[in-house]
Number of protein chains: 2
Amino acid sequence: MNFTADPTLDLFFTPKGVALIGASHNPTKLGFGLARNLIQSGYRGAVHFVNPTGGVLLERPVYAAINDVPDPVDMAVLLIPAPFVPDTLRACGQRGVKAAIIAAGGFRETGPEGAALEQECLEIAYEFGMRLIGPNCIGILDTHIPFDTTFLPPPGPTPGDVAFISHSGAICAAVIDWARGQGFGLSRLVSLGNQTDVQETDMLTTVAADPYTKVITLYLEGVRDGRRFVEQALKVTRHKPIIALKVGRFASGQKAVASHTGALAGAESAFDAAFRRAGVIRANTSEELFDWARALAWCPPPKGRRVAILTNAGGPGVTAADTLESRNMELALLQPKTLDALRQILPPAASVNNPVDMLASASPIQYAECTRVLLADPDVDSLLIILPPPPMHSVGGVARTMIPIIYSADKPVVAAVMGERLIQEAVMHFRAAHVPEYRFPERAATALAILADRADYLGSELPVPVQVTNVDKTTVVRILKKAAAELAPGEFMPQRMATEMLTAYGIPTPPVKLAQSAAEAVELARSMERPVALKVASPDIPHKSDVGGVLLNLVNADDIVAGFERVVGNAREARPAAEILGANVQTMILKGQEVIVGVARDPQFGPVVMFGSGGVEVEGLQDVDFALAPVTQQEAEGMLARTWAGCKLKGFRNLPPADRTAVLDIIIRLGQLAADFPQISEIEINPVRVLPEGKVAFAVDVRARIN
Amino acid sequence: MNFTADPTLDLFFTPKGVALIGASHNPTKLGFGLARNLIQSGYRGAVHFVNPTGGVLLERPVYAAINDVPDPVDMAVLLIPAPFVPDTLRACGQRGVKAAIIAAGGFRETGPEGAALEQECLEIAYEFGMRLIGPNCIGILDTHIPFDTTFLPPPGPTPGDVAFISHSGAICAAVIDWARGQGFGLSRLVSLGNQTDVQETDMLTTVAADPYTKVITLYLEGVRDGRRFVEQALKVTRHKPIIALKVGRFASGQKAVASHTGALAGAESAFDAAFRRAGVIRANTSEELFDWARALAWCPPPKGRRVAILTNAGGPGVTAADTLESRNMELALLQPKTLDALRQILPPAASVNNPVDMLASASPIQYAECTRVLLADPDVDSLLIILPPPPMHSVGGVARTMIPIIYSADKPVVAAVMGERLIQEAVMHFRAAHVPEYRFPERAATALAILADRADYLGSELPVPVQVTNVDKTTVVRILKKAAAELAPGEFMPQRMATEMLTAYGIPTPPVKLAQSAAEAVELARSMERPVALKVASPDIPHKSDVGGVLLNLVNADDIVAGFERVVGNAREARPAAEILGANVQTMILKGQEVIVGVARDPQFGPVVMFGSGGVEVEGLQDVDFALAPVTQQEAEGMLARTWAGCKLKGFRNLPPADRTAVLDIIIRLGQLAADFPQISEIEINPVRVLPEGKVAFAVDVRARIN
């Protein structure tokens, strides 16, 4: 592994002595619950209770203050009213405590007064070189140390291999209970609360470095520093899977932005792009988070995407096949000797072709023997067993008979054990043997797809953003300086300025020249290949066609004169306040396909590149995909593969293949431009015209602004 | 209700006496299980066992043959080897049995010999006026009669209000067990097997007529007669909801069809259209089927889509809000007096705005009081309660305190009770009170959306297909006769012939004339508005642009002459075997928006209309929607609302609003044409050009063929 735990954070999991400040004698108080959990967790270090009342709690002395606590003590958990926290924290620092959990609430979440208290705590922590978790959190637990600083009602989680890091405290109790009910254990749980010091990103490598943790699950409400999150997650995901449930999907969309890219690049697109870059698996529901965690913790990675389905019922077999197909999995084509072996085991009316339907009469022995045969087929990468209660056998018996065979295989096997009460014995057997089991075939099939995705990820190249070297940064610096001096905040750059930036970064543009009069427009057009387009030139009008500011297909002088007056006139009428510089005259590139390439800046993840179907209908069609800038070669190619605009570049019907390489180059260069110059807040080429011949794509129209 | 049970099928649920033929003394045999279930179900009619071995079984005599069975006996269940079934069935007919369930397998599913046996059974049933369920099925059960003809392992389902009709037999055991585990009861269960006589559609009204059944759930592998299914389902869905899980989604796509409509109108699109017409709710997974059934059985319909969320944890509240938004639900804007009342109940740090976050400390009383206040707000249509285990209270206590308030409200309330073991007491209380509860907030939120959809459906108009009267059927009859005489099977109609059909049905087309020579093309163009288009005329070339058979924007005579030679030449070169009649000359309609309207014929549901984004990229963009033909006004409008092509007709950016009414008219008329003439197997207008002014849309290009 190319990462280790941060030692200042690892201390949270390896304290020699813990002081609970705010331990309570009253069994209905959280301070009692926390004291109880600390003791009952079986923690083998020193446990000290602190409360001004003194006395004895759970057979231990209660000290009046942290200063009275004997050695060893390097960690403190504070569960006292917020106003008392800063002084107590300072006392902890003086006593040599290096890790503190502020479980108490009453800080930033309650208003400015609480926020000031929280800030004070952070400063004290800095002063003493102390790390802080919380405030307003549930704390942490580790089932292997073992160690529990939460006040959650018992029982705590069973020891296991799934770690859980959460922005939500309240959900932790539910997660512990789910895990218990679904038969898997937790390794570590971290509730982050207000994150005044330690944030989700800080915890990734420290939790992943735990040898008992096989999978890290995240419940995220956002991330503080998007790029650092990606960087830290990338250290982990090559070794241990991270699955994230990001909530607040709909609330987080940005509004009121001027470019298509800005409008479509909401936080969710940025998260998708970031998770893809970091190899983080995104769960869509809480249920998926833990469905997938179990499979990833317990199953080896499959060699490929070919699945065999073994069932005693046709219907659920079809349901599973539907789900597999929707997830890009394949039904394995069984080898002839596999089919022969299955025929030996099963009655003639059974279907030996995948999905293998053994019929309702299938016995435990038949289930087991078919499992053995299917797992032995080299063309089967993973196996899905479907098991509704068989009419004349016990489901538990079926599970018991199969488990030794599943155990000795190096291929993933998951089970859809259908039902609820009758199947409990089978479920218990599968859980004990670490065979992921689900109540519904769709969920079992999805788990196999996630395993295959994970195997693909492990086989993929490390994401290295392409760095193009033949770019002219000096020119861009000059243009941006000029723009900063001349433009109002938020104003769009004049078209020619933006075009010059593209040129400096090696993005081809068709010749365009600014005409300040109709006569000049005619003069300029004379030197160009015709037809030409006239586009009103105004820094205040980003969507020129909205105001009738664009005319196409102009060839002769009369039309150009009339056109100039018209585009300028239309723009003046529609936007009387806009500054109008004249009209840009541009050779029209009529051939080729139209796509859009843009970059927007996400507040959490920075520049995000968009690619997709261009034109005016970008937002209507929403045929777009995103990647973090600068992009990797795989990401650029992935954007083409995931959009219709990208697929179409290969050619479609009478549309000849277009120059994909040129498009990839523009995506890479535009992403690099935006990454190199953080001043560029939005830049969008729409359309890029991709020619079928000549191996080139042109940026026909570009909009950019700086912040 | 405007439907009643079919009396010949109702007999399956109201027999006076049942004979089990194939009752077994051997407890490991299905014939024993069935005998046991019949007795243990508590059935109050006569139960007779038949087996040549005779003797006594479960304290009853076993008769050697059906002839020996005393009165009353009007129903028989046959569980004997397939070859013996026909003779036994005949004996049943002679004995006066009017309803028979053939549980035995060994029929059509095993090959031609079994199919012949099955056909023989059907003929015997006709001869004696007997109805048949099966063969190869699990039988039926009714928990209220009570009555159970299955051989499934006990315990059977608890009495309840959800009926289940299934094409899959094996899944029935799982469904009974799920229902028990998820705390809801079944009213009736019907396993249909091979459906030699009774099919899914037959059972709809008979099962729905059962007063105990509040919701009908279907597990479908297809339907035999699509239109009859829609008609029967429509009788039911205005009174009781039907939820269907249709499996085989991916396997069922049609391949190798020539039109865009044909390519996109797979069986799934047809099912979507049919379910929409019939008001059947389509579940995507087995889990949704029963999640939704519970909510629909237990909750009143909400007045609107405004939901209040009550939670003790922020995170899951956000998750629920995300799901609601994705399902077109709204977060209710609470009234000021509601906010005041909540402030009285909750601590200052709580959030009284929806989602109402009471904080982790929320007590049972706070949960209950907030529930009362939220349900009293007239701007709240339904309530979602989120309940992870609270740190210092019992979840069961919270549930108990809230239930009386939920009970007395006439608004839907669902609960996300998060966890597994700690929450069991709360879950039991909610189930007993018929409050739908789910483990995850996403599933609870989705259930509320389904309730709102159902309320919208009940408030919608009955679907009455529009029948346009000013159509000229006589002309179409003539054209189709001519086409049948002249065209080879599967051949496309000449463009002019198809255009003539459109004209007869009042669909406007731009003038088009066939030129057999270049000179004739020039002559024809002279009489038209220019520019004109030239399109090669050949019944063998459906996609003319694929072969370079289309030229646009021709104005002068020279270009038309050259163009004629070119389109004809290109076509000859690309398709040497094609019959080429010349080229069609057509005025070009350059303005307006492009959409596609087509009809394909689905083997199960007949003509299906498609509407969406036209042009050549139809299949790439897949911006299309479907409805059964002839379509209703609402369906036509719904197709516009659900597609980007339809939304765009309202105007977009610089695109002026286009004539939506004209498009609706074309959808309605084309659907009616295809419905009126079943000989038309495919007809597609691509593009329809929709003009911004002049209130009209033109069918620019049309392809049609007959079968």
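Residues numbered from 1 in each chain as written. Chains lettered and ligands numbered in written order. Predicted model: local features only at pLDDT ≥ 70, side-chain atom pairs only at ≥ 80, totals over all residues.

A. How the structure looks around the overall build of chain A. Broken down by element type, chain A carries 24 helices and 30 strands. Expressed as lengths along the three principal axes of its C-alpha atoms, the size of chain A is roughly 95 × 80 × 40 Å. Out of the 707 residues belonging to chain A, those deemed buried represent 57%. For chain A, the proportion of contacts with a sequence separation of at least 24, taken over those separated by at least 6, is 72%. (Helix = DSSP H or I, 4+ residues; strand = E, 2+ residues; numbered from the N terminus. Buried ≥ 20, exposed ≤ 12 C-beta atoms within 10 Å, placed from the backbone. Contact = placed C-beta atoms within 7 Å.)

B. Summary view of the sheet that holds strand β21 (residues 512–515) of chain A. Residue and element names in this part refer to chain A. Overall, antiparallel pairing links the four strands, which are arranged β21-β24-β22-β23 in an open sheet. Either end of the sheet is taken by a strand with one partner, and the two such strands are β21 and β23 (550–554). Across this sheet, the average inter-strand angle for adjacent strands is 25°, counted without regard to direction. Relative to strand β24 (residues 582–587), strand β22 (residues 532–537) runs antiparallel, the two being bridged by six bridges. Residue pairing for β24: Ala-533 is matched across the bridge by Gln-586. Strand contacts of helix α18 (residues 495–504): β21, β22 and β24, with the helix running at about 160° to β21, the strand carrying the most contacts. (Pairing = 2+ DSSP bridges. Axes fitted to C-alpha atoms, helices over the stretch in contact; angles between N-to-C directions.)

C. Local environment of the relation of the copies chain A and chain B. Mapping chain A onto chain B leaves a residual RMSD of 0.2 Å; the transformation is a rotation of 180° accompanied by 0.1 Å of translation along its axis. Seen this way, the second copy is the image of the first under a two-fold rotation axis. Among all C-alpha atoms of chain A, that of Leu-621 of chain A lies closest to the rotation axis, at 4.1 Å. (Least-squares fit on C-alpha atoms with pLDDT ≥ 70 in both.)

D. Structural context of the environment of Thr-4 of chain A. Residue and element names in this part refer to chain A. Counting through the fold element by element, Thr-4 comes out in the segment before α1 (7–10). Residue Thr-4 is classed as exposed on the basis of its C-beta count, with 12 C-beta atoms lying within 10 Å. Expressed as a C-alpha distance, the spacing of Thr-4 and Ala-208, which sit 204 residues apart in the sequence, is 8.3 Å.

E. Summary view of the confidence of the model for chain A. Per-residue confidence for chain A averages 91 on the pLDDT scale, and 97% of its residues sit at or above 70. Counting interchain partners and residues more than four positions distant, the pLDDT-below-50 stretch residues 251–257 of chain A has eight contacts. (pLDDT = per-residue confidence, 0-100.)

F. Up close: the nonpolar core. Counting residues in hydrophobic clusters, the biggest one holds 446 residues, and the most contacted among them are Leu-78 of chain A together with Leu-78 of chain B. Filtering out sequence-adjacent residues up to four positions away, Leu-78 of chain B remains in contact with Ile-21, Gly-22, Val-85, Thr-88, Leu-89, Ala-100, Ile-101, Ile-102, Ala-103 and Ala-104 of chain B. In terms of nonpolar packing, the next biggest core, distinct from the first, is built from 23 residues, Ala-521, Val-550, Val-567 and Ala-583 of chain A among them. (Core = buried A, V, L, I, M, F, W, Y, C linked by C-beta atoms within 7 Å.)

G. Main features of the interface of chain A and chain B. The interface of chain A with chain B comprises 68 residues on the first partner and 68 residues on the second. The set of elements that each furnish at least two residues to the side of chain A that touches chain B consists of α2 (30–40), α5 (170–181), α10 (286–298), α11 (314–326), α21 (618–621) and α23 (644–648) of chain A. Residue composition of the side of chain A that touches chain B, grouped by class: 32 nonpolar, 22 polar and 14 charged. (Nonpolar A, V, L, I, M, F, W, Y, C, P; charged D, E, K, R; others polar.)

H. Broad picture of the pairing of strand β1 (residues 17–21) of chain A. Residues and elements named next belong to chain A. β1 sits mainly inside the fold: four of its five residues count as buried. By the bridge criterion, five bridges tie β1 to strand β2 (residues 46–50) in an arrangement that is parallel. Bridge pairing in β2 places Ala-19 opposite His-48. Between the parallel pair β1 and β2, the chain is carried across by α2, and the sense of this crossover is right-handed. Bridge analysis of β1 against strand β5 (residues 75–78) gives four bridges, and the strand direction is parallel. Opposite Val-18, over in β5, you have Met-75 as the bridge partner. (Right-handed = clockwise from strand over helix to strand, strands pointing away.)

I. Looking closely at the packing of helix α22 (residues 633–642) of chain B against helix α24 (residues 660–676) of chain B. Residues and elements named next belong to chain B. As a packed pair, α22 and α24 sit with axes 10 Å apart at the nearest point and diverge in direction by 120°. Classified by the angle their axes make, α22 and α24 are oblique. Classified by chirality, the crossing of α24 by α22 is right-handed. Here α22 contributes Ala-636, Glu-637, Met-639 and Leu-640 to the contact with α24, which in turn contributes Arg-660, Leu-664, Ile-667 and Ile-668. Within the contact of α22 with α24, the residues separate by chemical class into six nonpolar, no polar and two charged. (Parallel < 35°, antiparallel > 145°, perpendicular 65-115°, else oblique. Left-handed = near helix turned anticlockwise from the far one by under 90°.)

J. View of the domain arrangement of chain A. Partitioning chain A into domains gives domain 1 (7–213), domain 2 (300–459), domain 3 (511–587) and domain 4 (593–706). Placing a centre on the C-alpha atoms of domain 2 of chain A and another on those of domain 4 of chain A gives a separation of 43 Å. (Domains from an automatic or database assignment.)

K. Representation of the pairing of strand β25 (residues 593–602) of chain B. All names here are of chain B. With nine of 10 residues buried, β25 is to be regarded as a mostly interior element. With seven bridges connecting them, β25 and strand β28 (residues 680–690) associate as antiparallel partners. When the bridges of β28 are listed, Glu-594 appears paired with Arg-689. Summarising the sheet, β25 and strand β26 (residues 606–613) pair through eight bridges and their orientation is antiparallel. In the sheet register, Arg-601 faces β26, and the bridge partner there is Pro-607. Here β25 hands over to β26 after three residues, the two strands then running antiparallel side by side.

L. Spatial organisation of the sheet that holds strand β3 (residues 56–57) of chain B. All names here are of chain B. Within the open sheet, the seven strands sit side by side as β3-β4-β2-β1-β5-β6-β7. Their pairing is mixed. Every other strand in the sheet has two partners, leaving β3 and β7 (131–133) as the edge strands with one partner each. Both strand β5 (residues 75–78) and strand β6 (residues 99–102) contribute to a ladder of four bridges, which runs parallel. Among the inter-strand pairings, Val-77 is bridged to a residue of β6, identified as Ile-101. With respect to the sheet, helix α2 (residues 30–40) is in contact with β1 (17–21), β2 (46–50), β3 and β5, its orientation differing from that of β1 by roughly 165°. Across the sheet, helix α3 (residues 85–95) touches β1, β5 and β6, and the angle it forms with β5 is around 170°.

M. Geometry of the environment of Asp-659 of chain A. All names here are of chain A. Looking at the secondary structure, you find Asp-659 in the loop between α23 and α24 (660–676). Note on Asp-659: 19 C-beta atoms within 10 Å, which makes it partly exposed. Sequence separation between Asp-659 and Val-696 is 37 residues; the distance between their C-alpha atoms is 6.1 Å.

N. Region of interest: helix α4 (residues 112–128) of chain B. All names here are of chain B. In this model, α4 (17 residues) spans 25 Å end to end at C-alpha, consistent with the 24 Å of a helix rising 1.5 Å per residue. Among all positions of α4, only Gly-114, Leu-117, Glu-118, Cys-121, Ile-124 and Ala-125 are buried. For α4, the arc enclosing every buried residue in end-on projection is 115°, short of the 170-degree limit, so these residues lie on one face. The outward face of α4, more than 90 degrees from its buried face, is lined by the exposed residues Pro-112, Glu-123, Tyr-126 and Glu-127. Where α4 terminates, the next one or two residues include Gly-129, which has phi positive at roughly 60°. (Expected span 1.5 Å × (residues − 1). Arc of directions from axis to C-beta.)

O. Up close: the environment of Cys-92 of chain A. Within the element layout of this structure, Cys-92 of chain A appears in helix α3 (residues 85–95). Taking the C-alpha atoms as reference, Cys-92 of chain A lies 6.4 Å from Ile-66 of chain A; in sequence the two are 26 residues apart.

P. Structural view of the packing of helix α11 (residues 314–326) of chain B against helix α16 (residues 441–459) of chain B. Residue and element names in this part refer to chain B. At a closest axis distance of 8 Å, the pairing of α11 and α16 adopts a crossing angle of 35°. Between α11 and α16 lies a crossing whose hand is right-handed. Of α16, the residues touching α11 (which contributes Pro-316, Thr-319, Ala-320, Thr-323 and Leu-324) are Pro-441, Glu-442, Ala-444, Ala-445, Thr-446 and Ala-449. Looking at side-chain class alone, the contact of α11 with α16 contains seven nonpolar, three polar and one charged residues.

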